[in-house]
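Coordinate inspection notes
Listed below, chain by chain, are the residues.
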Amino acid sequence: MYNFSFYVPTRIHFGKGQISHLSELRDSGEKVLLVYGGGSIKRNGIYDSAVQILTDASLKIYELSGVEPNPRIETVRKGVDLCKDEGIDMVLAIGGGSTIDCAKVVAAGAKYDGDAWDLVLDPPKIKAALPIYSVLTLSATGSEMDEFAVISDMSKNEKWGTAAECLKPTMSVLDPTYTYSVSKKQTAAGTADMMSHTFENYFSFEEGADVPKRFGEGLLKTMIKYGPIALNEPDNYDARANLMWAASHAINGLTRVGNAPEWCVHPMEHELSAFYDITHGQGLAILTPVWMEHILDEKTAPVFAVYGRNVWDLTGDDDLAVAKEAIAKTREFFFETMEMPSTLREVGITEKSNFEKMAEKAADGCEGCFMPLSKEDVMEIFEAAF
Ligand code: NZQ
Ligand code: ZN
């Protein structure tokens, strides 16, 4: 087990009706920037509930709406300008990961003198941020309880993650009923995303890190149990609740600290989104089994076999055989049980002209991964996923 420091300052209010806790925003001042996406929160009534509670608590509301899936730097800049012009005290994101990520970089940009894109390219430049609050409406990214934010500049085909301690939300409301209206596509993509976060933290050669690994297996079993139920019964409370809480823990450090591999499937997916604007979780689902197959060999087979035995309840003594079966189970889960697209073509990527550029960027800096990938490896994975 490696050394680590673990600190999650986010207060979570979990369950039905917990939005009433938005009155606590009064602790951070008077002026709140309400950040949201393309309008789902108006259609399902969350917007009205939030505005009522904020108004009753004498908070003055400013709005940044229209945050895109794969949020754009242009929208972040608009939010930063609003914060600076109006002297905003805090930001409140209501939405999925895109909205929360946008709100985070707005909060940091409000405390920074230069252009907000600097904070995306160079995380140590984030020295402070306005207090960040969130009401989560889609279980996937874990942004509600982590230090990360991912922002795109589509004019440059760039999508980068940034991170800072001060980007961890002060408080997040997790009401599973708010995810009842999430579409089948986004429910499946969200489940693939939270599974991928768990995988990225889980696969390593570290043998003494039982606590994070056994936590990870428990989360994966939960996601595999409840993902299909949520897909077919969108208003099943326990399914939505377990997915929501599992997603937060998949990336808040619990399954990473002490184990600590660098991530490699996410950097590859971020290139797909940067060039083709695809849905993050769909890209991860397509790449994951291909990546597993690409790196499967005598050295990795025992690690994949542990995954197969502990997550999929597979039996047998032959590590390579169990590893292959575990990868097949993963493939079947994403593409049959969760009904997700299985190739890049199916998500609209019809040509490969950018693959080389993308592979070069994705391979850069993955030396610390479970199995380091070269540009050629990434090219092969993209080709196989095509
Ligand atoms: O924009 P609105 O109208 O709200 O609609 C959204 C959007 O179209 C909709 N939606 C959200 N909640 C809903 C709902 N529709 C109906 N009912 C609801 N309750 O779902 C669509 C997708 O939303 P989005 O926020 O884009 O999805 P997600 O939460 O999957 O976020 C994806 C973004 O997060 C980044 C991804 O790269 C991507 O940009 N990530 C952030 C991470 C982090 N901060 O830690 C880590 C992840 O690995 C990931 O990279
Ligand atoms: Zn992700």
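The rules behind each value
Residues numbered from 1 in each chain as written. Chains lettered and ligands numbered in written order. Predicted model: local features only at pLDDT ≥ 70, side-chain atom pairs only at ≥ 80, totals over all residues. Heavy atoms only, no water. Donors = N, O, S within 2.8 Å, 3.2 Å for Na, K, Ca; no water. Helix = DSSP H or I, 4+ residues; strand = E, 2+ residues; numbered from the N terminus. Buried < 20%, exposed > 50% of the residue type's maximum accessible area, 1.4 Å probe, protein only. Near = heavy atom within 4 Å. Polar contact = N/O pair within 3.5 Å; in protein donor to acceptor, adjacent residues only side chain to side chain. Areas by Shrake-Rupley, 256 points an atom, 1.4 Å probe, with all protein chains shown as cover. Pairing = 2+ DSSP bridges. Axes fitted to C-alpha atoms, helices over the stretch in contact; angles between N-to-C directions. Contact = heavy atoms within 4.5 Å. Salt bridge = Lys/Arg side-chain N within 4 Å of Asp/Glu carboxyl O. Parallel < 35°, antiparallel > 145°, perpendicular 65-115°, else oblique. Left-handed = near helix turned anticlockwise from the far one by under 90°. Nonpolar A, V, L, I, M, F, W, Y, C, P; charged D, E, K, R; others polar.

A closer look at the coordination of the zinc ion (ligand 2)
The coordination sphere of the zinc ion (ligand 2), as far as protein atoms go, consists of D193 (OD), H197 (NE2), H266 (NE2) and H280 (NE2), spread over 1.9 to 2.2 Å. Spacing between the donor residues of the zinc ion (ligand 2) along their common chain follows D-x3-H-x68-H-x13-H. One end of the pair, D193, and the other, H197, are both in helix 6 (residues 184–202), four residues apart, so they sit about a helical turn from each other. You'll find D193 and H197 in the same group, each marked buried.

Observations regarding the site of ligand 1
Neighbouring ligand 1 are 31 residues, the closest being G38, S40, G97, S98 and D146. The side chain of S143 places a nitrogen or oxygen atom 3.3 Å from a nitrogen atom of ligand 1. When ligand 1 is considered free in solution it has 960 Å² of accessible area, and contact with the protein chains removes 89% of it. Listed by contribution, the elements that provide at least two residues to the shell around ligand 1 are helix 4 (97–109), strand 6 (148–153), helix 6 and helix 9 (265–276).

Remarks on the sheet that holds strand 5 (residues 132–136)
Pairing in this open sheet of six strands is parallel, and the strands run 1-8-5-4-2-3 from one edge to the other. Looking along the sheet, the strands with just one partner apiece sit at the ends: strand 1 (11–14) and strand 3 (60–64). Within this sheet the neighbouring strands show an average axis-to-axis angle of 20°, counted without direction. With five bridges joining them, strand 2 (residues 31–36) and strand 4 (residues 90–95) adopt parallel strand pairing. Residue pairing for strand 4: L33 is matched across the bridge by V91. In this fold helix 4 packs onto strand 2, strand 3, strand 4 and strand 5, with an angle of close to 170° to the strand it touches most, strand 4.

With respect to the pattern of salt bridges
For the coordinates displayed, the defined rule picks out 17 salt bridges. Note that D153 is salt-bridged to K156, the shortest N-O span being 3.3 Å. By relative accessible area, K156 is classed as partly exposed at 46%.

Re the pairing of strand 4
Burial analysis of strand 4 places six of its six residues in the buried class, which makes it a mostly covered element. Side-chain alternation along strand 4 places M90, L92 and I94 on one buried face and V91, A93 and G95 on a second face that is also buried. Sheet topology note: the strand 4/strand 5 ladder contains five bridges and is parallel. What sits directly across from I94, in strand 5, is V135.

Some details on the side chain of N70
You can see N70 is positioned in the loop between strand 3 and helix 3 (73–86). Of the polar contacts made by the side chain of N70, one reaches the side chain of K159; its length is 2.8 Å. In this view, N70 contacts S98, S152, K159, S273, D277 and I278; residues no more than four positions away in its chain are not counted.

Details of the environment of E68
Within the fold, E68 resides in the loop between strand 3 and helix 3. Look at E68 and you get partly exposed, because its relative accessible area is 22%. In the structure, E68 is positioned 31 residues away from G37 in sequence and 6.2 Å away in space, judged by C-alpha atoms. Not counting chain neighbours up to four residues away, the residues in contact with E68 comprise T75 and S98. In this structure the side chain of E68 is engaged in a polar contact, spanning 3.1 Å, whose partner is the backbone nitrogen of R72.

Section: the packing of helix 6 against helix 12 (residues 319–337)
Angle between the axes and distance between the axes: these two values describe a pair of packed helices. Where helix 6 contacts helix 12, the axes come no closer than 11 Å and their chain directions differ by 155°. What the angle tells us is that helix 6 and helix 12 run roughly antiparallel. Regarding helix 6 and helix 12, the two cross each other, and that crossing is left-handed. Each of T191, A192, M195 and F199 in helix 6 lies in contact with helix 12, whose residues at this interface are T330, F333 and F334. Among the residues making up the contact of helix 6 with helix 12, the classes are represented as five nonpolar, two polar and no charged.

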